[in-house]
Each structure stands twice: as C-alpha cells, then as structure tokens.
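Observations on chain architecture
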Amino acid sequence: MDRKNHLFIVILTIGVFGILNTEMGIVGILPSIADHFNVSIAKAGLLVSLFALAVAISGPILPLLFSGLNRKKVMLLVIGVFVLGNVVSIFASSFTVLLIARVLPAFLHPVYVSIALTAAAASVNKEEAPKVISKVFMGVTGGMVLGSPISSFIATLTSIKMAMLFFTVVNVIAFITLLFIPSMPVKERLSYGSQLGILKRFFTWLSIAAVVFINAAMYGVSSYLAEYLETITQIPGKTTSLMLFIFGGASIIGNIVAGKLLTKNTMKSIISFPFVLAFVYISLFSMGQFTIPMAIIVFAFGIVVAIGNNISQYCIVSAAPEAPEFSNGLFLASGNVGVTIGTTVGGTIITEMGTKYVILGGFLFLLLSILFILMRNYRYYPIKLTNKESQ
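Residues numbered from 1 in each chain as written. Predicted model: local features only at pLDDT ≥ 70, side-chain atom pairs only at ≥ 80, totals over all residues. Heavy atoms only, no water.

1. Section: the overall build of the protein
Cut-off, in case you're wondering: The way it works is that DSSP assigns letters per residue, a run of H or I at least four long becomes a helix, a run of E at least two long becomes a strand, and they are numbered from the N terminus. What the globule rule says is 2.2 Å times the number of residues to the power 0.38, and the radius of gyration is computed from C-alpha atoms. When a residue's accessible area, from a 1.4 Å probe over protein chains only, is under 20% of the maximum for its type it is buried; when over 50% it is exposed; and in between it is partly exposed. The contact criterion used is simple: two residues touch if any of their non-hydrogen atoms lie within 4.5 Å. All accessible areas in this document rest on Shrake-Rupley with a 1.4 Å probe, and a residue is counted as covered only by the protein chains that are shown. In this tally, Lys and Arg are treated as positive and Asp and Glu as negative; His is ignored, and so are the chain termini. To locate a charge, take NZ of a lysine, CZ of an arginine, CG of an aspartate or CD of a glutamate.
When its secondary structure is counted, the protein shows 19 helices and zero strands. Since a compact globule built from 391 residues should have a radius of gyration of about 21 Å, the 20 Å found for the protein is in line with a globular shape. Along the three orthogonal principal directions, the C-alpha set of the protein runs to about 55 × 45 × 35 Å. The buried share of the protein, taken over its 391 residues, is 58%. Restricting the contact set of the protein to residue pairs at least 6 apart, pairs at least 24 apart contribute 84%. On the protein, roughly 16,100 Å² of surface is accessible, and the fraction owed to carbon and sulfur atoms is 71%. Seen as two clouds, the 24 positive and the 12 negative side-chain charges of the protein have centres 5 Å apart.

2. Re a nonpolar patch on the surface
The line we're drawing: Patch membership needs two things, relative accessible area over 30% and no salt bridge, and members are linked within 9 Å if like-charged or within 5 Å if nonpolar (Val, Leu, Ile, Met, Phe, Trp, Tyr). One speaks of a salt bridge when a side-chain nitrogen belonging to Lys or Arg is within 4 Å of a carboxyl oxygen belonging to Asp or Glu.
Among the surface-exposed residues, Leu-53, Ile-57, Ile-61, Leu-65, Tyr-192 and Leu-196 lie close enough to one another that they form a single nonpolar patch of about 510 Å² accessible area. When residues of the nonpolar patch are traced back to their parent elements, those giving at least two are helix H4 (46-58) and helix H11 (192-196). Within the fold, Tyr-192 resides in helix H11. Overall, Tyr-192 belongs to the partly exposed group, its relative accessible area being 33%.

3. Concerning the nonpolar core
Our working rule: Joining through side-chain atoms within 4.5 Å is the link that ties buried Ala, Val, Leu, Ile, Met, Phe, Trp, Tyr and Cys residues into a set, and such a set is a nonpolar core.
Ranked by internal contacts, the top residues of the largest apolar core, which has 123 residues, are Leu-12, Ile-33, Tyr-112, Leu-277 and Tyr-281. Not counting chain neighbours up to four residues away, the residues in contact with Tyr-281 comprise Ala-217, Met-218, Val-221, Phe-301, Ile-359, Gly-362, Phe-363 and Leu-366.

4. So, the environment of Ile-154
Inspection of the secondary structure puts Ile-154 in helix H9 (residues 129-157). We classify Ile-154 as buried; its relative accessible area is 19%. C-alpha of Ile-154 to C-alpha of Leu-165: the two residues are eleven residues apart in sequence and 9.8 Å apart in space. Apart from the residues within four sequence positions on either side, Ile-154 is in contact with Ser-159, Met-162, Ala-163 and Phe-166.

5. Brief notes about the packing of helix H1 (residues 3-24) against helix H6 (residues 71-90)
Condition: Whenever a helix is involved, its axis is fitted only over the stretch in contact; in every case the axis is a line through C-alpha atoms, and angles between N-to-C directions fall within 0 to 180 degrees. Left-handed describes a crossing whose near helix is turned anticlockwise from the far helix by less than a right angle; the clockwise case is right-handed. Polar here means any residue other than Ala, Val, Leu, Ile, Met, Phe, Trp, Tyr, Cys and Pro, which are nonpolar, and Asp, Glu, Lys and Arg, which are charged; Gly is therefore polar.
Interhelical geometry of H1 versus H6 gives an angle of 35° and a closest axis separation of 11 Å. Both H1 and H6 take part in a crossing whose hand is left-handed. Contacts between H1 and H6 involve Leu-12, Gly-15, Ile-19 and Thr-22 on the former and, on the latter, Met-75, Val-78, Ile-79, Phe-82 and Asn-86. Taken together, the residues of the contact of H1 with H6 sort by class into six nonpolar, three polar and no charged.

6. Here we look at the packing of aromatic side chains
How we decide: Pairing of aromatic side chains requires ring centres within 6.5 Å, counting the rings of Phe and Tyr and the six-membered ring of Trp. Pairs whose planes differ by under 30 degrees are stacked, by over 60 edge-to-face, and all others tilted. Two conditions define a charge sitting above a ring: the NZ of Lys or the CZ of Arg must be within 6 Å of the ring centre, and it must be within 35 degrees of the ring normal.
Under the definition given, this model contains ten aromatic pairs. Where Tyr-281 meets Phe-301, the ring centres are 5.5 Å apart and the plane angle is 85°; that geometry is what we call edge-to-face. Of this pair, Tyr-281 sits in helix H15 (residues 266-287) while Phe-301 sits in helix H16 (residues 291-317), and the two are 20 residues apart along the sequence. Members of the aromatic cluster, joined through ring pairs, are Phe-247, Tyr-281, Phe-301 and Phe-363. Looking at Lys-356, its charged tip hangs above the ring of Phe-285, at a distance of 4.8 Å from the centre.

7. Some thoughts on helix H8 (residues 109-122)
Which entries qualify depends on this criterion: For a helix, the expected span equals 1.5 Å multiplied by the residue count minus one.
When the terminal C-alpha atoms of H8 are compared, their 20 Å separation across 14 residues agrees well with the 20 Å that a helix rising 1.5 Å per residue should span. A large share of H8 lies buried, amounting to twelve of its 14 residues. By the burial criterion, the buried members of H8 are His-109, Pro-110, Val-111, Tyr-112, Val-113, Ser-114, Ile-115, Ala-116, Leu-117, Thr-118, Ala-119 and Ala-120.

8. Details of the packing of helix H13 (residues 225-233) against helix H14 (residues 237-264)
Selection criterion: For this classification, under 35 degrees means roughly parallel, over 145 means roughly antiparallel, 65 to 115 means roughly perpendicular, and everything else is oblique.
Packing of H13 against H14 leaves a shortest axis separation of 10 Å and a crossing angle of 135°. The pairing of H13 with H14 is recorded here as oblique in orientation. In the packing of H13 onto H14, the handedness of the crossing is right-handed. Only Thr-240, Met-243, Leu-244 and Phe-247 of H14 make contact with H13, whose side of the interface consists of Leu-225, Ala-226, Leu-229 and Glu-230.

9. Side note on the environment of Ile-307
In this fold, Ile-307 is placed in helix H16. Judged by its relative accessible area of 12%, Ile-307 falls in the buried class. Not counting chain neighbours up to four residues away, the residues in contact with Ile-307 comprise Gly-254, Val-257, Ala-258, Leu-261 and Phe-273.

10. Examining unusual backbone geometry
Of note in the backbone geometry, Asn-38 takes a positive phi value of approximately 55° without being a glycine. With respect to the element layout, Asn-38 can be found in the loop between helix H2 (30-36) and helix H3 (41-44). Phi is positive for Gln-234, which is not a glycine, with a value near 60°. By secondary structure assignment, the location of Gln-234 is in the loop between H13 and H14.

11. Notes on H15
The condition is simple: Bend at a residue means the angle formed by two fitted axes: the first through the 7 residues ending at that position, the second through the 7 residues beginning there.
The end-to-end C-alpha distance of H15 is 32 Å, a good match for the 32 Å that 22 residues give at a rise of 1.5 Å each. The largest bend along H15 reaches roughly 35° and is located at Phe-273, with the proline Pro-274 sitting one to four residues downstream. Buried within H15 are the following residues: Thr-266, Met-267, Ser-269, Ile-270, Phe-273, Pro-274, Leu-277, Ala-278, Val-280, Tyr-281, Ser-283 and Leu-284.

In structure tokens form, the structure reads like this:
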C-alpha cells in the first residue's frame, strides 16, 4: 500500500473515530450529566441507549439509500451533521435538548461507517482488503473504548461542556481532513434487491441474533463502568478516569489478539468468547470493591470487549461478503440493538437492585449469546457453510 493510500485510510479512520467517540464517549460522563441535569443515572443512560437505537433503526436502511451517491459528499454531510449536533450539546439548556442533539445525528452514523469500510476495501486489491478494513475498524474500537476515559478525564478536570467540546473538535478535524481526499463517485452500484437478498438466509439471522446478544452482554455492563467504579469500588473521579484509560488502552491489545484468534481458529474463538467474558464478570462481581484487583479486571475487560467487537463484525460480514456496505450496516444495526437492550436492562437493574447487580444483566445476555453462537456454528460449520450459502 503506497503512502497516498495509507493517508486515505488514516483520514477515513479519523472520521470513524470521531463518530464512535461521540456515541460512546458520553459513557465516561454519565454520572456527571445525571448530576448536572438532575436526572437519574438510568435516565442519563438514554443518551447511550437511544443513540444506539437510532443507529439500529437506520443501519439496514440508510446505507442502502446512500449507496449510489458520491461517497466523499455523503461522508462530509454526515460529519457536518455530527459537528452541528455536538455544538448544540455543548449549550444544551435541558436534558431533553441534549438528548435530541445526540439522537438525530445518530441516524446517519451507519452511513459513514459503512461507506468508510467499503471505500477502504475498494482502495486496494482484494488480497489487501482485510488489512485496510481492520485499520478502519480500529477507529470503531478506538472511539468506543477511548472516548469514554478521555471525556471522563476532561470532565473531571474542567466540566462536561468541555468534554462535549472535545467531541466537537475531533469531528471538526475529521471534516477538514475529508476535504483533501479525492471525489469518490460510485462506479458499480449493487441493486437494492441483490443486497436485501442476504436477509433470506437463516445463517444471516442467526448471526444477527448472536451479535445482538454479544453486544447487549458487553455494553449492558461496560456502559455503567464509571458508575460501578464510583459506587462499588468507591474511587475518586481522577482514579475512575485512569481506570477508564486502562480499559481503553487494553482495547488496542484486544484488537491485535482478536485478529490472530480469528485468523488461526475462528470457530473456537467465537464459541469461547462468552465464557471468557463470563469469567470477567464473575471477577468483577466478587472483587469489585477492591481497587488493585479492579485495575487488573478492568484491563482484562477492555481486551475482551475489543475482541467481542471484532467477533461481532466478523459474524455479520462473513454471512454476506458479497454485499459489504449492507452487511456492515447490518453489523452496526445489530450491535446497536444490543447496546440499546443492554443499557436499558442494565439501567433498570441498577435502579431496582443496585449498581453491583448490573452484572446479572450481562450474564442473562451471555446465556442467550451462547445459544445463538452454538446454533450458528453447529448448523453452519465451515465444511457445510459453502454448500448452505450457495443454495
């Protein structure tokens, strides 16, 4: 890959990071937002769950509708809307205004990410496509896990308005860098029918269900990690920020590990994942009140969540490799349905039972994820998969 194309991939990744940072960065300041607007932590969680729901609704639809338009213009439109939404969030006078300013741009979230993944793959030959896609996907994971500790750190030192300014600045940088990439008209457009055809496969629906519950299990707990650290571990705000940085930094290792696992032994890695996450949750529940063990657990949690993100993307895209934009849209939709369900259930458990028991929601969704992963892998083991997909 030449230097010019490398820069192109970096620019796409910055935009992906900006959007995912806006979505998940808010997690690090949920307790501060709840205090600032005088709402419960469960209600503040709507900033995550409703954003995710908007992505889930638009994921299968909008990437299709925008698939025939100039990709550069569409990406600039999406980033521009996110910049505007973030500016409104900074000056929001009420929780309702903040919620609206976050949810409306969320509908365009899957448009940018799907186009970025597709454009990256199209910029190189077929053999190099997985490599560049993994680099863009690093922006997805980076935004999901690094935005939270950074926003928490900024809010602790200054205010939640400054944390939201950080979201804005990242997206402004993404918008400016996008101006320098060449125009990207779509030369070969897949028909809506051919893309929608992948939904006729039972394999696709098993993959979607598995991804929904994997993400519900992960984000139903991790979305309230800051609250867990403050309430159960009882550490101060600056230490919470450090813990969240540990979580984010561990995700870099998690992406490297995930790439190796999925390359060497795909099926075993997917089947093993829920059991590894369950072990992390048992550790979190039993030792959550101790600071040093929690630092180790949070580090492991960050690695496992990054692996889960990669597994989720693999499950969906491997089910429909011939329709990359639509399958990536389905991946985002499925993942965010899981985030919506997980954060909603997690918030309810915290309200009714207490913060410590948010782990129970994670276990519930892990059991469901195991069920669908086993069904997916049993019925469509690699030897059978080619024959099934050709029918």
